[in-house]
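As a plain string of letters, each chain reads:
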Amino acid sequence: MTSPIWHPFTQHGLGDPIPRIVRTEGAALHTSDGRRIVDAISSWWVTTHGHRHPRIMAAITEEAGRMDQIIFAGWTHEPAETLAHGLVAIMPEALRHVFFSDSGSTAVEVALKMALGYWRNRDEPRDRILVLEHSYHGDTIGTMSVGERGVYNRAYAPLLFDVGTIPFPHPGAEQATLDALEAACRAAPAAFIVEPLVLGAGGMLIYPPHVLAEMRAICARHAVLFIADEVMTGWGRTGTLLACEQAGVVPDILCLSKGLTGGAVPLAVTMATAAIFDAHLSDDRARMFFHSSSYTANPIACAAANANLAIWRDEPVHDRIATLGARQAAHLDRIARLPGVTNPRRIGTIAAVDLQVGDRGYLSDLGPKLLRFFTARDLLLRPLGNTVYVMPPYCIDEADLDAVYAAIEEACATLL
Ligand SMILES: *Cc1c(COP(=O)(O)O)cnc(C)c1O
């Protein structure tokens, strides 16, 4: 019987089989037909420590014995309070306020609404948003509006709002980016939203910390709110807890999701400075922040996130990240020398290369071929067009990582 499920980012018409997962553990997914799949992309960038980390699973089980969802407008609970205090303690000091939601896209929507609300409540309405070329911030109408336009959102283009696009700081062209941002900031936009140091869905495009620091300084000079979307980069992905840290950057608004619960269950937060919060603080109900999702601050998800924070406190997470980074670097050095492999790049636990083919971009024919090739070798790797990247959970062992790169080498030899 065919499944009634309509899968995300899946062309059902191509008829590719859809493997069924029955169990997850560490860096592996186990299928119903007994295969062990190495999860080399952390199940789309969410799994940080590894699948089913015992402390996160225990926290979920324990909290489920106490609470399920409760309304969060005007009510509170211990897991959310503990988490908010925990986040304020480890995130940059200026980010004192924590707004809960349930996905990365929603965290970004909330950030955009906070930015516009800030200006409106100060009676200096501003509504233009600046974005970086090739960015990805989610798949809702608002987040598609601030993201790269392409085949994946062409049908919805009439609904997307207009934004100011700043060119990506390609090597050697950094000054052009900074000049464009400076010029755009003179027109007093509401905010600039960026993925710090690496643009994920845009193709794992990396730019240096000094450019991020300069972009932040330009926004500060022009009083343009700086929104850091660390939904992918947060929680150690780039080698530090936040990518912003490497540039000494503190944003006005910070979006976190994916690794917030270690990737176990959905949860997101948008953290804001006192200035943003205070702009909404009034005895006038019309100035409150008008946003909520049904599952805001779900207690079970908050408990999972608290366990994640405990893991960061108690376990050698930084060492694991450094070890994985070094192994990635060694593999990357080797495969970078293969014919047809270009632009080797790495930041923290993320490594990527581009494969030289005639057609590039998201619909490159190479993408599905590679996907099938890797799936047949029991690997979860999902190239972005002709970009192959490896972003595994931090617990992946040497043998599994070796298998991932052996398959990439074989793919280069057979498919290029
Ligand atoms: C994944 C991602 C999002 C969207 O998060 P969802 O939880 O999928 O809605 C937003 N921004 C960035 C940078 C992401 O990588």
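Residues numbered from 1 in each chain as written. Predicted model: local features only at pLDDT ≥ 70, side-chain atom pairs only at ≥ 80, totals over all residues. Heavy atoms only, no water.

Keep this limit in mind: UniProt positions are given in the numbering used here, feature names are shortened, and annotations may be inferred rather than shown by experiment.
An unreviewed UniProt entry annotates the protein chain as Adenosylmethionine-8-amino-7-oxononanoate aminotransferase originating from Sphingomonas aerolata. For the record of the protein chain, the UniProt heading Cofactor (unreviewed entry) holds the text "pyridoxal 5'-phosphate". According to UniProt, the comment filed for the protein chain under the heading Sequence similarities (unreviewed entry) is "Belongs to the class-III pyridoxal-phosphate-dependent aminotransferase family. BioA subfamily."

### Quick look at the domain arrangement of the protein chain
Stated formally: An automatic or database domain assignment supplies the start and end points of every domain. Residue contacts are defined here by distance: any two heavy atoms, one from each residue, within 4.5 Å place the two residues in contact. Two parts placed together each lose some accessible area under a 1.4 Å probe, and the buried area is that loss summed for both. Under the rule applied, a polar contact is a pair of N or O atoms within 3.5 Å (in protein, one hydrogen donor and one hydrogen acceptor; residues adjacent in sequence only if both atoms are side-chain atoms). Secondary structure is summarised from DSSP: a helix means a run of H or I of at least four residues, a strand means a run of E of at least two, and numbering begins at the N terminus for each. Under this grouping Gly is polar, as are all residues other than the nonpolar Ala, Val, Leu, Ile, Met, Phe, Trp, Tyr, Cys and Pro and the charged Asp, Glu, Lys and Arg.
Here the protein chain is partitioned into domain 1 (12–52 + 316–415) and domain 2 (54–314). Centre-to-centre, using C-alpha coordinates, domain 1 lies 26 Å away from domain 2. Contacts between the two partners involve 28 residues from domain 1 and, on the opposite side, 28 residues from domain 2. With both chains or domains summed, domain 1 and domain 2 bury close to 2300 Å², and 68% of this area falls on carbon and sulfur atoms. Three residues, W45, R52 and I347, lead the burial of domain 1 against domain 2; their summed loss comes to 27% of the area buried on that side. Across the contact surface, domain 1 and domain 2 share eleven residue pairs in polar contact (both at pLDDT 80 or more). When contributions to the side of domain 1 that touches domain 2 are tallied by element, the ones reaching two or more residues are α1 (42–45), α10 (317–335), β13 (341–347), β14 (350–355) and β16 (387–390). Its residues assigned to classes, the side of domain 1 that touches domain 2 comprises 17 nonpolar, eight polar and three charged.

### Comments concerning the sheet that holds strand β3 (residues 36–39)
Test applied: Pairing between strands requires that DSSP locate at least two bridges from one strand to the other.
Taken together, four strands build an open sheet; the order of strands is β1-β2-β3-β15 and the sheet is mixed. Where the open sheet ends on each side, the last strands, each with one partner, are β1 (21–25) and β15 (379–380).

### Looking at helix α12 (residues 398–415)
Convention followed: Any helix carries an expected span of 1.5 Å times its number of residues minus one. For the exposure calls, accessible area comes from a 1.4 Å probe over protein chains only, and a residue counts as buried if that area is under 20% of its type's maximum, exposed if over 50%, partly exposed in between. Directions pointing from the helix axis toward each C-beta atom define the arc.
Between its first and last C-alpha, α12 extends 25 Å over 18 residues, near the 26 Å set by a 1.5 Å rise per residue. By the burial criterion, the buried members of α12 are D400, L401, V404, Y405, A407, I408, A411 and C412. Down the axis of α12, the smallest arc covering the buried residues is 150°, so these residues share one side. Among the exposed residues of α12, those pointing more than 90 degrees away from its buried face are A399, A413 and T414.

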